[in-house]
Amino acid sequence: MKSNKQSKQAEQSERVLLGKIVGAQGIRGEVKIYAFGDAPSDFNKYEKALVVLLRDAENDGTTSEAKADIEQGNQKVPQREIIFTIDKARISGSLAIVKFDEIDDRNAAESLRDAEVFVDADELEELPEDTYYVRDLEGLTVIDDDTNEAAGEIVEVIQNAAQDVYRIALKSGTTADAYGSQEPGTESEKAGDEQSGEAKSKDTHEALVPAVKEFIKDVDIEAGTIRIHFIEGMR
């Protein structure tokens with residue numbers, strides 16, 4: 001069970017994030033793009049790309065919106081968006097080497113370092129069987145394959161492991177196994193435990209499920225559901 005390299009969805013639903021520019025290649029204005037996922041995209045398939053330059057949000061000119069991003073753990077905020085025309089592209093190992101018509105020298109290419117690269121969702125190619133765009137997986141309702149009941153929702157596809165891992169926000173209602181049990185204590189300790197348990201059930205009641213056939217039994221993008229076989233200790 002695989003998810004495609006388009007691993008994040010931009011704020012606008014019609015844009016899909018392919019990767020990030022990690023530097024310049026040579027002296028003719030080419031850029032190196034690191035793909036989010038299994039393999040770099042063949043940018044020759046796309047006519048244009050949207051490049052979003054980011055800046056550090058931790059500075060004296062930080063807006064209230066940027067500060068909110070920082071509090072949520074996001075250290076970068078959009079600075080400006082530029083649409084580039086793709087002249088040519090090739091694959092080099094784990095990177096895509098792309099030449100934009102508007103970039104002609106190494107200095108200009110270096111100025112795009114750390115920028116994120118998007119394409120229009122309409123331009124995405126049809127995927128092989130059992131392969132899905134991350135943008136389509138995130139938000140799917142999770143059905144427990146053993147009980148046939150809704151168990152939660154996929155909130156993130158993690159792609160930095162040997163295989164993709166689905167982070168699932170489980171429905172309210174927890175078990176002792178989810179957070180561990182404690183010996184009973186004083187009334188104040190019990191009250192503290194209850195408050196802690198309530199916070200955990202609201203904030204951290206999640207499951208991590210490897211995207212392999214042993215656990216992923218069916219994906220129905222049109223229906224908006226995914227059937228998962230949970231094993232003991234998984235949630």
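Preceding block: the structure.
Residues numbered from 1 in each chain as written. Predicted model: local features only at pLDDT ≥ 70, side-chain atom pairs only at ≥ 80, totals over all residues. Heavy atoms only, no water.

Q: Can you walk me through the overall build of the protein chain in this structure?
A: Assigned secondary structure in the protein chain consists of five helices and 15 strands. Within the protein chain, the fraction of its 235 residues that count as buried is 36%. In the protein chain, the share of contacts with a sequence separation of at least 24, taken over all contacts with a separation of at least 6, comes to 65%. Carbon and sulfur atoms provide 42% of the accessible area of the protein chain, an area that totals close to 13,800 Å². (Helix = DSSP H or I, 4+ residues; strand = E, 2+ residues; numbered from the N terminus. Buried < 20%, exposed > 50% of the residue type's maximum accessible area, 1.4 Å probe, protein only. Contact = heavy atoms within 4.5 Å. Areas by Shrake-Rupley, 256 points an atom, 1.4 Å probe, with all protein chains shown as cover.)

Q: How should I be thinking about the sheet that holds strand β12 (residues 165-170) in this particular structure?
A: Pairing between the strands of a sheet is mediated by backbone hydrogen bonds and can be parallel or antiparallel. Reading across from one edge, β13-β12-β11-β10-β15-β14 is the order of the six strands in this open sheet, with mixed pairing throughout. Only two strands of the sheet have a single partner each, and these edge strands are β13 (206-210) and β14 (216-220). Within the sheet, the average angular offset between the axes of one strand and its neighbour, ignoring direction, is 30°. Across four bridges, the pairing between strand β10 (residues 141-144) and strand β15 (residues 225-228) is parallel. From the neighbouring strand, T141 faces β15, where its bridge partner is T225. (Pairing = 2+ DSSP bridges. Axes fitted to C-alpha atoms, helices over the stretch in contact; angles between N-to-C directions.)

Q: Just to check I follow, could you spell out the pairing of β13 for this structure?
A: Burial along β13 is one-sided: A207 and V209 are buried, while E206, L208 and P210, pointing the other way, are not. Two elements, β12 and β13, share five bridges in a ladder whose sense is antiparallel. What sits directly across from V165, in β13, is P210.

Q: What exactly am I supposed to notice about unusual backbone geometry here?
A: Negative phi characterises most residues that are not glycine, and trans characterises most peptide bonds. In this structure, D114 takes a positive phi of about 75° despite not being glycine. Locating D114 in the fold gives a position in the loop between α2 (106-110) and β8 (116-120). Classification of D114 by relative accessible area gives partly exposed; the value is 37%. Phi is positive for N148, which is not a glycine, with a value near 65°. Locating N148 in the fold gives a position in the loop between β10 and β11 (150-158). According to the relative accessible area criterion, N148 is exposed, its value standing at 52%.

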